[in-house]
Amino acid sequence: MLLTNPYTKGNHLTFRRTFLRQTEVRADFTHSLSTAEFQRRVIPFLESTFKKPCEEEPPKEANRVEVNLDTKQERFVFDVSGASFSIGPKTYRTFAETAIPMSQTLVGFLSNVMEVKTVDRLSIIKINEWPISSEDTFANFSDMIGYTFQKKHVSDLMNYRFDKKDPQPTRLSKTATTEIKGGTTLKAELSAEVKSKEKALMALTLTVCSEGVSTEEIIPNLIVMNDILYSGFMDTVSADVIDLMRRAEL
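Residue numbers restart at each chain and count upward from 1, following the sequence in its written direction. The predicted nature of this model means local features are confined to residues of pLDDT at least 70 and side-chain atom pairs, given and counted, to a pLDDT of 80 or more, with totals for whole chains, interfaces and linings taken over all residues. The basis for every side-chain value is the complete set of heavy atoms in the structure, and neither hydrogens nor water enter the calculation.

Chemist: I'd like to hear about the environment of Arg75, residue by residue, with values.
Modeler: By definition, any uninterrupted DSSP run of H or I lasting at least four residues is a helix, any uninterrupted run of E lasting at least two residues is a strand, and each is numbered from the N terminus. Mapped onto the elements, Arg75 comes out in strand S3 (residues 74–79). Three exposure classes are used, based on accessible area relative to the maximum for each residue type with a 1.4 Å probe and protein chains only: buried under 20%, partly exposed in between, and exposed over 50%. The class of Arg75 is partly exposed, set by a relative accessible area of 31%. Each residue touching Arg75, except ones within four places of it in the same chain, is listed here: Arg64, Glu66, Val67, Asn68, Ser84, Phe85 and Ser86. Residues adjacent in sequence count toward polar contacts only when both atoms are side-chain atoms; beyond that, a polar contact is any pair of N or O atoms within 3.5 Å, and within protein one must be able to donate a hydrogen and the other to accept it. Of note is the side chain of Arg75, whose polar atom sits 3.1 Å from the side chain of Glu66. We call two residues in contact whenever any of their non-hydrogen atoms come within 4.5 Å of each other.

Structure, rendered in structure tokens:
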């Protein structure tokens, strides 16, 4: 079943500066292949897809393969119960430009190696981080949280107070999950961490997950799932952060 985005759809803003640290797409499925059959099928798939011969025979018990591309920013993992890829910040451009072509490789593995018609669970995970420097992070912690996230989501975190005599590094976090039609969920984990008196780190991990997706609908569903994730991002971070991301220079 094709997903629909329940949020108001608009054009994605173009960000000249990004704080996206990693993007991951994962498909989990139920399999019936033996390890030997998995190896027999996966080796020609890898050679055909990545245009490199598999010079070494895998161990007889191996049922997992990792492929790191030359950039060191892109990694595939194929195993007998799931397939995934991750993209680092130096390679990621847009979801359509970077993730969709890699998703087609995932679909090829599911269809040609595992012969999976439906995946149990399809997920997109994006990790955003905002490192912050300050003369006194303990004193400015509440302001840093309010600068990064919309206050309606973090008013409780902003009330945290450090011991005035002996403030210590700490990490606060909270998670919210939104149920969406069609067995889809959007989970947001916000965190605020004081690493030292001078350094703090704000982070947002967004995960959109859909259950029971047919292999032939993975690509169109991922496009919608990314739209849902984008809507969650825009609803969570502050206008100050959006303005910062759109600027060419600080």
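Chemist: I'd like a rundown of the pattern of salt bridges, residues and numbers included.
Modeler: The salt bridge definition used is simple: a Lys or Arg side-chain nitrogen within 4 Å of an Asp or Glu carboxyl oxygen. With the rule as written, the count across this model stands at 13 salt bridges. Where Arg26 meets Asp28, a salt bridge forms, and the shortest distance between an N and an O atom there is 2.7 Å. Owing to a relative accessible area of 22%, Arg26 belongs among the partly exposed residues under this scheme. Residue Asp28 is classed as buried on the basis of its relative accessible area of 12%. It is possible to trace a salt-bridge network through shared partners that takes in Glu37, Arg40, Arg41 and Glu115.

Chemist: An account of the side chain of Thr91 is requested, with residue identities and associated values reported.
Modeler: By the element assignment, Thr91 lies in the loop between strand S4 (82–87) and helix H2 (95–113). Excluding residues within four positions of it along the chain, Thr91 makes contact with Thr71, Gln73, Glu74 and Thr98.

Chemist: Any chance you could break down unusual backbone geometry for me, citing the residues and the numbers?
Modeler: Phi at Glu115 is positive, roughly 55 degrees, even though this residue is not glycine. Here Glu115 lies in the loop between H2 and strand S5 (118–133).

Chemist: Account for the pairing of S4, with residues named and values stated.
Modeler: Across the six residues of S4, six count as buried, placing the element largely inside the fold. Burial along S4 is two-sided: the residues Gly82, Ser84 and Ser86 and Ala83, Phe85 and Ile87 are all buried. Two strands qualify as a pair provided DSSP detects at least 2 bridges between them. Relative to S4, strand S1 (residues 20–28) is paired through six bridges, and the arrangement is antiparallel. When the bridges of S4 are listed, Val25 appears paired with Phe85. Bridge count for S3 against S4 is five bridges, and the pairing is antiparallel. Bridging from a neighbouring strand, Phe78 pairs with Ala83 of S4. Here S3 hands over to S4 after two residues, the two strands then running antiparallel side by side.

Chemist: Please provide a residue-by-residue account of the packing of helix H3 (residues 137–148) against helix H4 (residues 151–158), values included.
Modeler: With axes taken as lines fitted to C-alpha atoms, and helix axes fitted only over the stretch in contact, angles between N-to-C directions fall between 0 and 180 degrees. Close contact between H3 and H4 brings their axes to 9 Å; oriented N to C, the two are set at 165 degrees. Here H3 lies roughly antiparallel to H4, going by the angle between them. For the pair H3 and H4, the crossing hand works out as right-handed. Residues Ser142, Ile145 and Gly146 of H3 touch H4, and the partners they reach there are Lys151, Val154, Leu157 and Met158. The classification used treats Ala, Val, Leu, Ile, Met, Phe, Trp, Tyr, Cys and Pro as nonpolar, Asp, Glu, Lys and Arg as charged, and all other residues, Gly among them, as polar. By residue class, the composition of the contact of H3 with H4 is four nonpolar, two polar and one charged. Oblique is the label for every angle not falling under 35 degrees (roughly parallel), over 145 degrees (roughly antiparallel), or within 65 to 115 degrees (roughly perpendicular). Each crossing gets its hand from how the near helix is turned against the far one by less than a right angle, where anticlockwise is left-handed and clockwise is right-handed.

Chemist: Outline the packing of helix H1 (residues 35–50) against H2, listing residues and values.
Modeler: Running from N to C, H1 and H2 point in directions that differ by 145 degrees, and their axes come no closer than 10 Å. Classified by chirality, the crossing of H2 by H1 is right-handed. Together, Phe38, Arg41, Val42, Phe45, Thr49 and Phe50 of H1 and Thr105, Gly108, Phe109 and Val113 of H2 make up the contact between the two elements.

Chemist: I'd love a proper account of the packing of aromatic side chains, names of residues and values included.
Modeler: Between 30 and 60 degrees the pair is tilted, below 30 it is stacked and above 60 it is edge-to-face, where a pair is any two Phe, Tyr or Trp rings, Trp via its six-membered ring, whose centres lie within 6.5 Å. Throughout the structure, instances matching the rule amount to 15 aromatic pairs. With a centroid separation of 4.8 Å and 40 degrees between ring planes, the pair formed by Phe78 and Phe109 is classed as tilted. Linking Phe78 in strand S3 with Phe109 in helix H2, this pair joins segments that are 31 residues apart in sequence. Residue classification places Phe78 among the buried residues on the basis of a relative accessible area of 0%. Ring centres of Phe141 and Tyr160 lie 6.4 Å apart, and the angle between their planes is 80 degrees; on these two criteria the pair is classed as edge-to-face. With Phe141 in helix H3 and Tyr160 in the loop between H4 and strand S6 (170–180), this residue pair connects regions lying 19 residues apart in the sequence. Tyr160 sits in the partly exposed class, given a relative accessible area of 32%. Grouped by ring-pair contacts, the aromatic residues Phe38, Phe45, Phe50, Phe76, Phe78, Phe85 and Phe109 constitute a single cluster.

The values are spatial; any link to function lies outside them.
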